[in-house]
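Reading the structure
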Amino acid sequence: MSERRVELEVLRYHPETDAAPRFQRYSVDCREEWVVLDALNHVKETLDPTLSYRWSCHMAVCGSCGMMINGEPRLACKSFLRDYQGVIRVEPLAHFPIERDLVTVIDDFMAKLKRVKPYLIPAQARALEQGEYRQTPAELKRYKQFTLCMNCMLCYAACPEYGLIPKFIGPAAISLAHRYNQDSRDGGRAARQEEIAAAEGVWECSFTGACSEVCPEHVDPAAALQQVKIKSTVDWYLAHLMPWLKK
Amino acid sequence: METVHTDVAILGAGGAGLRAAIALAEADPKLRIALISKVYPMRSHTCAAEGGAAGVIKPDDSLEHHFHDTVAGGDWLSDQDVVEYFIREAPRELVQLEHWGCPWNREPDGSVAVRSFGGMQKQRTWFAADKSGFHILHTLFQTSLKHPSIERFDEFYATELLLDEGRCAGLVAIEMRSGRLVRFDARAVIVAGGGAGRMFPFTTNGAVKTGDGMALAYRAGVPLKDMEFVQYHPTGLPSTGTLLTEACRGEGGVLLNKNGRRFLQDYGMGPETPLGKPVFKTMELGPRDRISQAFWHEQKKGNAVPTQWGDAMLLDMRHLGEKKIDERLPLVRDMSISYMSVDPVTDPVPVRPVVHYMMGGIHTDIRAATPLPGLYAAGECACGSINGANRLGSNSLTELLVFGRRAALSAIEHLQSGAPPASDAALAGGAAAAQARIRELMQRSGGGETVAGLRKEMMQAMEQHAGIYRNGEGLAEACGKLADLRRRYARIELHDRTNVYNTDLLQALELGSMLDCAEAVVASALERRESRGAHQRLDFAARDDAKFLKHSLAWYGGAGAPRIDYAPVSITSSQPGVRDYSGAHA
Ligand SMILES: Cc1cc2nc3c(=O)[nH]c(=O)nc-3n(C[C@H](O)[C@H](O)[C@H](O)COP(=O)(O)OP(=O)(O)OC[C@H]3O[C@@H](n4cnc5c(N)ncnc54)[C@H](O)[C@@H]3O)c2cc1C
Ligand code: SF4
Ligand code: FES
């Protein structure tokens, strides 16, 4: 089994003892097939138990381990050492305040997620005794990709607008709103629209597509934004220019 | 210390905790609900479940079938009245999730699609591709956002339950971002803390699954039931332990030894079924315990496939074709390529048995109630018991829905029973003692033991002595080892003495939970001198209904070993019989 010595340069910051973030170097003996998360775990176990970061599943489904790896937002459990040469620089996700080391404060994202009402608002009520709503595979396909968002927030770290205008509701929250809007069982678009068509909603997006590029789940938030924007524009025209068409 | 006053405190925001929270909020919007979790809800390990959730829905199936599959799958250690309740409620819960938006796979006519799973005689596993748990968790989490009465305490680590006069009346938790301790006064507490697979070195379980919920209840005097039953899933990736779902076999994947032989036919699960035409409860659709045990024997015979990570067998899915694999098992393909560099479309994937699920847990009854008034438990941390000696795949996602809700309803009944409020002095005393314990751990010096060191020794002992096959000698050694590790745990020393997001402290506390759970596992296993389901003793190879058709209960013994006694199994209609996976029924 091949081993390799890897140099990690990890951002450290502790609000109780550090005035500013700093970098710390670790030389770690790693196995070739490891991911960056394995290397961090190895540091924590054998070199420095004070290093803090989030992780749980180690299979790219829980969304905890987002970090900047060589400047790119990535999941540490899906970033293979074999894809990197030289020093690997690990920092907390960009655009979020640092709580400690690689742990960020994500209150802003959690609040935005809630604001877009990411739950089914049934178009037609149905009692449990009536069984499931019917939904064809084609109808499922219309929104399925947007259900795959694991809230890892890599897209926020990649988004230039979110960096500039933190009020921007952002790619993942909009994708999730769109996910429910596109669901054949749902009738809640109007309720969600208030939030996402507001100033800091969809209009801030300038379509650089960075969010879709970094998304590990291929949710394609840029496509969601685009579709929501078109719908919002149509709404605006309907409401302002052709009010008689509404309803 | 800050005190939060609430009606019901829920420890854990995975599938079970979220389901309980929603049931409480729906039943009475005025109830104050505190949902406390050491990780953000969507990070809970329910997200990792792949295959699906069982519930009878198709016309060719019946509740009786589901009942018999579950009871026989559990080697007759399940409580049959609880199983009856479970299978009756199951379809309702799965439809409920559908109404909340869960993206279940569909048939062309728009009805929900179901797939085959091991040990089930009909197709009854609801699925959302191979990310069923992910979608269940996110559907529940997102639905919970619509209820303002669910107050979340994300990244709060619960350290102790608070008791007053023989009742559970709250808990104490560390707010991770500040390090301060918070006291939660509650009229009822629901523990939904998940499993404990991290006691073992090679597991499908995420880092959060350290048995905290079980340990908290155990230390509060509630016994842990049937802890010796630890499920190995036959198909984990040898490099990381990452799971390849049983749905791989449900869809038609087969298992081969190094000679290319479908070896399960040599272990009472044959005759060989035609490739691409899986037969219910036969060959690759046998139950997990049997398949994992068959691999162990193949390994002894020298028939395993050597890999750089140790012995393996091959999971061959090539005949399913790229289209079906992409449609139904996309995550499996992605993970095989990422973590093993093997594409299942073109090559068989090496796999080996991996620690997966705890059948045992907090002693609960059909109402999800523990013997401690005011304390309820649901999800993997609880043992009701529907899973008996071996859980059937896809029963546990359904279980956490059915009993998450049941725990909420029972908690409400408890609130309505008009128990007097707990004494403030008692709760303050309990909280102060909890704080003193954390402080002592934080400040301790000169102990010399480390978290990582003890954890490694624990994992080794468990792997060596409490694996697929066990014997009395090894288990006795493991009991001694765990007693020693628990003594040394008192001398553990932290490197990090700061307050903010101190994972050194949290890992130390998690290790404490795992050591307590591990000791309950090996002590219960040593006493069970028979082989049943997932508990196989080389020195007692047969099932012994005369002596052991009963639940083990491990009672916390403080610094000493747990005391083991037993409770009867409830049998309503199915007398213990032979578990037949030979295809004879087909
Ligand atoms: C890889 C994998 C695949 C699986 N596939 C299937 C499947 O296809 N079908 C099936 O039926 N079952 C499956 N299972 C089993 C099933 O997923 C689990 O049993 C189930 O999800 C457990 O849910 P839970 O709510 O009990 O616990 P979890 O989802 O693990 O949640 C536990 C919660 O407790 C919290 N917690 C724990 N300790 C503390 C503490 N000290 N303080 C505060 N909070 C705490 C955590 O933060 C978390 O929120 C699978 C399991 C694994 C590992
Ligand atoms: S859209 Fe993609 S990148 Fe953004 S949070 Fe969701 S999964 Fe992560
Ligand atoms: S650890 Fe779960 S996504 Fe990386």
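Residues numbered from 1 in each chain as written. Chains lettered and ligands numbered in written order. Predicted model: local features only at pLDDT ≥ 70, side-chain atom pairs only at ≥ 80, totals over all residues. Heavy atoms only, no water.

**Focus: the pairing of strand S4 (residues 72–75) of chain A**
In summary, the side chains of a regular strand alternate between the two faces of the sheet. All names here are of chain A. What you see with S4 is a clean split: Pro73 and Leu75 sit on the buried side and Glu72 and Arg74 on the side with no burial. Both strand S3 (residues 66–69) and S4 contribute to a ladder of four bridges, which runs antiparallel. Counterpart to Met67 in the pairing with S4 is Arg74. Connecting S3 to the next strand, S4, in antiparallel fashion are two residues, including Asn70 with a positive phi near 45 degrees. (Buried < 20%, exposed > 50% of the residue type's maximum accessible area, 1.4 Å probe, protein only. Helix = DSSP H or I, 4+ residues; strand = E, 2+ residues; numbered from the N terminus. Pairing = 2+ DSSP bridges.)

**A closer look at the site of ligand 2**
All residues in the neighbourhood of ligand 2 are listed as Cys149(A), Met150(A), Asn151(A), Cys152(A), Met153(A), Leu154(A), Cys155(A), Ala172(A), Cys215(A), Pro216(A), Val219(A) and Pro221(A). Looking at the shell around ligand 2, its residues break down into 11 nonpolar, one polar and no charged. (Near = heavy atom within 4 Å. Nonpolar A, V, L, I, M, F, W, Y, C, P; charged D, E, K, R; others polar.)

**Structural notes on the sheet that holds strand S2 (residues 22–31) of chain A**
Residue and element names in this part refer to chain A. If you walk across this open sheet you meet the five strands as S2-S1-S5-S3-S4, and the pairing is mixed. Edge positions in the sheet fall to S2 and S4, since each of these pairs with one other strand and no more. Put simply, the sheet's adjacent strands are angled 35 degrees from each other on average, direction ignored. Relative to S2, strand S1 (residues 3–12) runs antiparallel, the two being bridged by 10 bridges. Paired with Leu8 across the strands is Tyr26, a residue of S2. (Axes fitted to C-alpha atoms, helices over the stretch in contact; angles between N-to-C directions.)

**A short note on the site of ligand 1**
Residue and element names in this part refer to chain B. The environment of ligand 1 is made up of 39 residues, and the closest members are Ser37, Ser44, Thr46, Glu380 and Leu397. Between ligand 1 and Ala13, the relevant distance is 2.9 Å, taken from an oxygen atom to a main-chain nitrogen or oxygen of the residue. One of the backbone N or O atoms of Leu397 is found 2.7 Å from an oxygen atom in ligand 1. Alone, ligand 1 offers 1000 Å² of accessible surface; in the complex the protein occludes 99% of this. (Polar contact = N/O pair within 3.5 Å; in protein donor to acceptor, adjacent residues only side chain to side chain. Areas by Shrake-Rupley, 256 points an atom, 1.4 Å probe, with all protein chains shown as cover.)

**Some remarks on the environment of Ala27(B)**
Considering the arrangement of structural elements, one finds Ala27(B) in helix H1 (residues 15–27). Judged by relative accessible area, Ala27(B) falls into the partly exposed class, the value being 47%.

**Some words on the domain arrangement of chain B**
One widely used convention gives an interface's size as the accessible area the parts lose upon coming together. All names here are of chain B. Domain annotation for chain B reports domain 1 (234–355) and domain 2 (426–539). Here the C-alpha centroids of domain 1 and domain 2 sit 33 Å apart. Between domain 1 and domain 2, the contact holds seven residues from the first and seven residues from the second. When domain 1 packs against domain 2, close to 540 Å² is buried across both sides, 66% of that on carbon and sulfur atoms. On the domain 1 side of the interface with domain 2, the three residues burying the most area are Asp289, Gln293 and Trp296, jointly 74% of the side's total. (Domains from an automatic or database assignment. Contact = heavy atoms within 4.5 Å. Buried area = accessible area lost by both parts, 1.4 Å probe.)

**Describing the sheet that holds strand S5 (residues 114–115) of chain B**
All names here are of chain B. Reading across the sheet, the three strands line up as S4-S6-S5 and stay open at both edges, with antiparallel pairing between neighbours. Across the chains shown, the open sheet's two edge strands, defined by having one partner strand only, are strand S4 (53–54) and S5. Relative to strand S6 (residues 125–126), S4 runs antiparallel, the two being bridged by two bridges. Along S6, the bridge assignment pairs Ala54 with Thr125.

**Some thoughts on helix H13 (residues 472–489) of chain B**
An α-helical turn contains 3.6 residues, so a residue and the one three or four places further along point in the same direction. Residue and element names in this part refer to chain B. When the terminal C-alpha atoms of H13 are compared, their 25 Å separation across 18 residues agrees well with the 26 Å that a helix rising 1.5 Å per residue should span. All buried positions along H13 are accounted for by Gly472, Gly474, Leu475, Ala478, Cys479, Leu482, Leu485, Arg486, Arg488 and Tyr489. You can read the cap of H13 off the contacts: a side-chain oxygen lies 3.1 Å from the backbone nitrogen of Glu473, and it is on Asn471. (Expected span 1.5 Å × (residues − 1).)

**Points about the interface of chain B and chain A**
Listed as interface residues are 67 residues of chain B and, on the opposing side, 67 residues of chain A. Where chain B abuts chain A, roughly 5400 Å² becomes buried across the two surfaces, and 55% of that area is made up of carbon and sulfur atoms. Joining chain B to chain A, the criterion identifies eight salt bridges. For the salt bridge of Lys131(B) with Glu217(A), the shortest nitrogen-to-oxygen distance reads 2.9 Å. Where chain B meets chain A, there are 34 residue pairs in polar contact (both at pLDDT 80 or more). Elements with a contribution of two residues or more to the side of chain B that touches chain A: helix H3 (80–99), helix H4 (132–144), strand S7 (150–154), helix H9 (330–340), helix H12 (451–465) and helix H14 (503–527) of chain B. For the side of chain B that touches chain A, the element with the most residues is H4(B), which contributes six residues. In terms of residue class, the side of chain B that touches chain A is made up of 26 nonpolar, 23 polar and 18 charged. (Salt bridge = Lys/Arg side-chain N within 4 Å of Asp/Glu carboxyl O.)

**A few points about the domain arrangement of chain A**
Residue and element names in this part refer to chain A. By domain assignment, chain A separates into domain 1 (3–104) and domain 2 (107–245). Every contact between the two is made by 14 residues of domain 1 and, on the other side, 15 residues of domain 2. Where domain 1 abuts domain 2, roughly 1000 Å² becomes buried across the two surfaces, and 73% of that area is made up of carbon and sulfur atoms. Our count for the contact surface shared by domain 1 and domain 2 stands at zero salt bridges. In this structure, the connection of domain 1 to domain 2 is made through two residue pairs in polar contact (both at pLDDT 80 or more). Secondary-structure elements contributing two or more residues to the side of domain 1 that touches domain 2 are S3 and S4.

**Digging into unusual backbone geometry**
Between Gly270(B) and the following residue, Pro271(B), the backbone shows a cis peptide bond with an omega angle of 0 degrees. Secondary-structure assignment places Pro271(B) in the loop between strand S14 (254–256) and helix H7 (288–300). Following Gly384(B), the chain continues to Ser385(B) via a peptide bond in cis, the omega torsion being 10 degrees. Structurally, the position occupied by Ser385(B) is in the loop between strand S20 (382–383) and helix H10 (395–416). The backbone of Met153(A) sits at a positive phi, close to 70 degrees, despite the residue not being glycine. Turning to its location among the elements, Met153(A) is positioned in the loop between helix H3 (137–147) and helix H4 (154–158). In this structure, Asp220(A) is a non-glycine residue whose phi angle is positive, near 60 degrees.

**Quick look at the pattern of salt bridges**
Side chains that carry opposite charge are capable of pairing whenever their charged atoms lie near each other. Residue and element names in this part refer to chain B. In total, this model carries 80 salt bridges over all chains according to the counting rule given. Across the pair Asp316 and Arg318 runs a salt bridge whose closest N-O atoms are separated by 2.9 Å. Assessed through its relative accessible area of 40%, Arg318 is described here as partly exposed. Connected through salt bridges with shared partners, the residues Asp75, Asp226, Glu228, Asp289, Arg528, Glu530, Arg532, Arg543, Asp545 and Arg579 form a single ionic network.

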